[in-house]
Amino acid sequence: MRALEQVLVDFFTQVAQQDNALLEKLKQEQNFSVDQGHWYFTLPALYRFLQHQYDVFNDIDYQQFRQLIFNSPVNQTIKLYAAEITIINNHAKVDESRYGLVWQSDK
């Protein structure tokens, strides 16, 4: 699981660093929204996206993915790049809530 966690952290680090190629991929996804200061997503949509981008995510089911993301140091890591993940729309259910990676400052 350690290697999988590293892929997840690396992915979020790239987003936090506003990697242009990755942001373009995210913008093309119907279930995501990317604007000047935010990237919005749901966990089910993120899981499907990561499965298409990284084969290693095909080795775990959605429940394992949820556990991985909540137990990973993603938020601590992306704070180094002036970004954080917050709940945008809380629907009282993790899978229905909308999350956002928020950039605290422009690069």
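See above for the structure.
The rules behind each value
Residues numbered from 1 in each chain as written. Predicted model: local features only at pLDDT ≥ 70, side-chain atom pairs only at ≥ 80, totals over all residues. Heavy atoms only, no water. Buried < 20%, exposed > 50% of the residue type's maximum accessible area, 1.4 Å probe, protein only. Helix = DSSP H or I, 4+ residues; strand = E, 2+ residues; numbered from the N terminus. Pairing = 2+ DSSP bridges. Expected span 1.5 Å × (residues − 1).

Trainee: I tried to follow the pairing of strand β4 (residues 98-103) on my own but got confused; where do I start?
Mentor: In the case of a regular strand, side chains alternate between the two sheet surfaces. Counting buried positions over the 6 residues of β4 gives 5, a clear majority of the element. Pairing geometry for strand β2 (residues 38-41) and β4, over 4 bridges, is antiparallel. Within β4, the residue paired with His38 across the bridge is Val102. Bridging between strand β3 (residues 83-89) and β4 involves 6 bridges; their strand directions are antiparallel. Looking at the pairing, Asn89 lines up with Arg98 of β4.

Trainee: What's the story with helix α1 (residues 2-16) in this structure? I'm lost.
Mentor: Because an α-helix packs 3.6 residues into every turn, residues spaced three or four apart end up facing the same way. Under the 1.5 Å per step criterion, the end-to-end length of α1 is 21 Å for 15 residues, consistent within 8% with the ideal 21 Å. Three or more residues of α1 are buried, namely Leu4, Glu5, Leu8, Val9, Phe11, Phe12, Thr13, Val15 and Ala16. Following α1 by one or two positions, Gln18 has its phi on the positive side, about 60°.

Trainee: How do you make sense of the pairing of β2 when you look at a structure like this?
Mentor: Bridging between strand β1 (residues 33-34) and β2 involves 2 bridges; their strand directions are antiparallel. Within the sheet, the bridge partner assigned to Ser33 lies in β2 and is Tyr40. What sits between the antiparallel neighbours β1 and β2 is a turn of 3 residues.

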